[in-house]
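# Structure assessment
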Amino acid sequence: MASREPRHFCPLVEDSFCRFSSQSNVYSLSAFPTISGSKDLLAATLKGKVIHFRYQQLPQKVRAVAKEVQFTYIPVDAEIVSIDAFNKSAPKRGLVVGITFIKDSGDKASPFLNIYCDYEPGSEYNLDSIAQSCLNLELQFTPFQLYHAEVQEDGKYEVVFLLTGNDRCVHMYKENELLHQFEEQPVSNLFPELKEMQSNVLSLNVLNIPNSCRRLTAFGCQSGYVGICHVDQYSKTVLYEWNMQQDGPISKVVLFSLTNFIEKKGYDGLQQAPSNVPGGESVEEHNLLVTSTIELSVVYRNVLKDGLNEQLILPESDQYDSVLCALVVDVDFDGVKEILLGTYGQELLCYKYIRNGSADPDTISCDPAVQAAGEFCLLWKRSFLSPLLSMVYVDLTYDGLSELAVSSLKGLHILQEKTETLIPR
């Protein structure tokens, strides 16, 4: 496929930068919602430091504030591997933070998972109090990605931790309400699709399908193996599964929806309803983004209908060293999402879906037949001074517009939309 030169300039400008005292890694950035409605960030460095980044509301402006949080039971010689945070599903209350690290014990390295959660009324969302309430779990494997997912069980919603590692397993940690603490439980209890892995999982992504009891689970492995499963949460059965093998390690898998389609009544999530069915409801088409450390990044379109058969390549995505992080977000506020890739080659790449022959890369077709003939174009790129490791896209300033937080080898960049590009639509 012939590549297209970027035709747009990056609409983002850097609002603030927080320098790290030591380097970070690909699992070191997490966003969590605050009780005020905004989002805050936790950024971890390899040398055991955790930075709480937020925007402070002042009378006439907002100010970026970065403060180190003293999480207990993290030794001074520990190297943090991954961090994640979430709010419990209602009616439960409280913020939960998970941190994995490796402690140097001389002749061997000792890995741990710390889970922080404060059950004291009034302190459930106080980060300083939470940082002092620790459950320390020694691990028998080297941890990789720490991820959280919301599950449905017995008609209730609950958020659990999923932890990948070098033992070719995915480990699940679920709250024990009677003991008021998290504990490891067999992953097959809630995630039968993750019971047996082909290789060490480097990236895991779970998408609950709206208005249903079903979900999609995607994972990418160190061996290049990619799997995606369609699961019924009520019966805990795998309805369909698809897999494929790439040549190199998979750095990121992201499940996402690009546009809306029409659902015919009685739709059960097993097939794509035609777009001309009257009286139906909107249903999203689900796609899978797969990035590799040595190959081109690709998108598999409409996986519920076509599995991994409909592939679109992201041109030039292998030209800037390894792709280490990825997001699918509406960065230009036009109602259609773009794909953002962060590379070790210090470039942020933005891709837009266009239909073939379109003169305007912002033109998006909503007809599935037309979209099948389309492609992703490299819309713009932005250079940084160090490799890009992780990204999140959240509203940090509580103004209704999201910011792009990019964790690089040297620090945390906060990018905002240029004022002149915010045109009313």
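So, how was this worked out
- Per chain, residues are indexed from 1 in the order of the written sequence.
- A pLDDT threshold of at least 70 governs which residues receive local features in this predicted model, and a stricter bar of 80 or more applies before side-chain atom pairs are shown or counted, although totals over entire chains, interfaces and linings include all residues.
- Calculation of side-chain values draws on the structure's entire complement of heavy atoms; hydrogens and water are dropped beforehand.
- A pair of strands counts as paired when DSSP detects no fewer than two bridges linking them.
- Every helix listed is a DSSP run of H or I at least four residues long, and every strand listed is a run of E at least two residues long, numbered separately from the N terminus.
- To obtain each axis, a line is fitted to C-alpha atoms, and for helices this fit is confined to the stretch in contact; angles are then taken between N-to-C directions over 0 to 180 degrees.
- Residue contacts follow a heavy-atom distance rule, with two residues in contact if any of their heavy atoms lie within 4.5 Å.
- Polar contacts, as counted here, are pairs of nitrogen or oxygen atoms within 3.5 Å of one another; within protein the pair requires one atom able to donate a hydrogen and one able to accept it, and residues that are adjacent in sequence qualify only if both atoms are side-chain atoms.
- For this analysis, a salt bridge means a side-chain nitrogen from Lys or Arg found within 4 Å of a carboxyl oxygen belonging to Asp or Glu.
- Exposure is judged per residue with a 1.4 Å probe applied to protein chains only, and the accessible area is read against the type maximum: over 50% gives exposed, under 20% gives buried, and values in between give partly exposed.
- Confidence scores per residue from the predictor, reported as pLDDT, run from 0 to 100.

## Points about the sheet that holds strand β25 (residues 375–383)
Here we have four strands laid out as an open sheet, ordered β22-β23-β24-β25, and antiparallel in their pairing. Both outer strands of the open sheet, β22 (323–329) and β25, are each paired with one neighbouring strand and no more. Averaged over all neighbouring strand pairs, the angle between strand axes comes to 20 degrees, with direction disregarded. Strand direction decides the pairing type here: strand β24 (residues 347–354) and β25, joined by eight bridges, are antiparallel. From the neighbouring strand, Tyr 353 faces β25, where its bridge partner is Phe 376.

## Examining the sheet that holds strand β7 (residues 95–104)
Taking strand neighbours across the sheet as the criterion, the four strands line up as β6-β7-β8-β9 in an open arrangement whose pairing is antiparallel. The strands lining the two open edges of the sheet, one partner per strand, are β6 (79–87) and β9 (134–138). Strand after strand, the sheet turns through a mean of 15 degrees between neighbouring axes, direction not considered. Alignment of strand β8 (residues 109–116) against β9, held across five bridges, turns out to be antiparallel. Bridged to Phe 112 within β9 is Glu 138.

## What to know about the environment of Gln 56
Mapped onto the elements of the fold, Gln 56 is located in strand β4 (residues 50–57). Distance in space between the C-alpha atoms of Gln 56 and Leu 396 is 9.5 Å, their sequence separation being 340 residues. Once residues within four sequence positions are removed from consideration, Gln 56 is found in contact with Lys 61, Val 62, Arg 63 and Val 65. Reaching out from Gln 56, the side chain makes a polar contact with the side chain of Arg 63 at a distance of 2.5 Å.

## What about the pattern of salt bridges?
All chains considered together, the criterion is met by 17 salt bridges. Where Lys 92 meets Glu 158, a salt bridge forms, and the shortest distance between an N and an O atom there is 3.2 Å. Highlighted residues: Lys 92 in the loop between β6 and β7 and Glu 158 in strand β11 (residues 156–165), separated in sequence by 66 residues. Judged by relative accessible area, which is 23%, Lys 92 ranks as partly exposed. Taking relative accessible area as the criterion, Glu 158 reaches 12% and is therefore assigned buried. Between Asp 334 and Lys 352 there is a salt bridge; the shortest N-O distance is 2.5 Å. Placement of the pair is Asp 334 in the loop between β22 and β23 (338–343) and Lys 352 in strand β24, with a sequence separation of 18 residues. We classify Asp 334 as partly exposed; its relative accessible area is 23%.

## Re the confidence of the model for the chain
As a note on interpretation, predicted positions should not be read in detail where pLDDT is low. Model confidence for the chain is summarised by a mean pLDDT of 88, while 86% of its residues fall at 70 or above. Predicted confidence for residues 361–372 stays below pLDDT 50, and this span has 34 contacts to residues more than four positions away or in other chains.

## A short note on the pairing of strand β14 (residues 201–208)
Counting buried residues along β14, six of its eight residues qualify, which places the element largely inside the surrounding structure. Where β14 and strand β15 (residues 214–221) come together, seven bridges link them in antiparallel fashion. Bridged to Asn 208 within β15 is Arg 215. Between the end of β14 and the start of β15, which pair antiparallel, lie five residues, with Asn 211 showing a positive phi angle near 60 degrees.

## Examining the environment of Val 62
Here Val 62 shows up in strand β5 (residues 62–68). C-alpha separation for the pair Val 62 and Thr 397, spaced 335 residues apart in sequence, amounts to 7.1 Å. The contacts of Val 62, once residues within four sequence positions are left out, are Tyr 55, Gln 56, Gln 57 and Thr 397.

## Looking at the side chain of Ser 322
One can find Ser 322 in the loop between β21 (311–313) and β22. Overall, the relative accessible area of 14% leaves Ser 322 in the buried class. At a separation of 2.6 Å, a polar atom in the side chain of Ser 322 contacts the main-chain carbonyl oxygen of Thr 293. Not counting chain neighbours up to four residues away, the residues in contact with Ser 322 comprise Thr 293, Gly 342, Thr 343 and Tyr 344.

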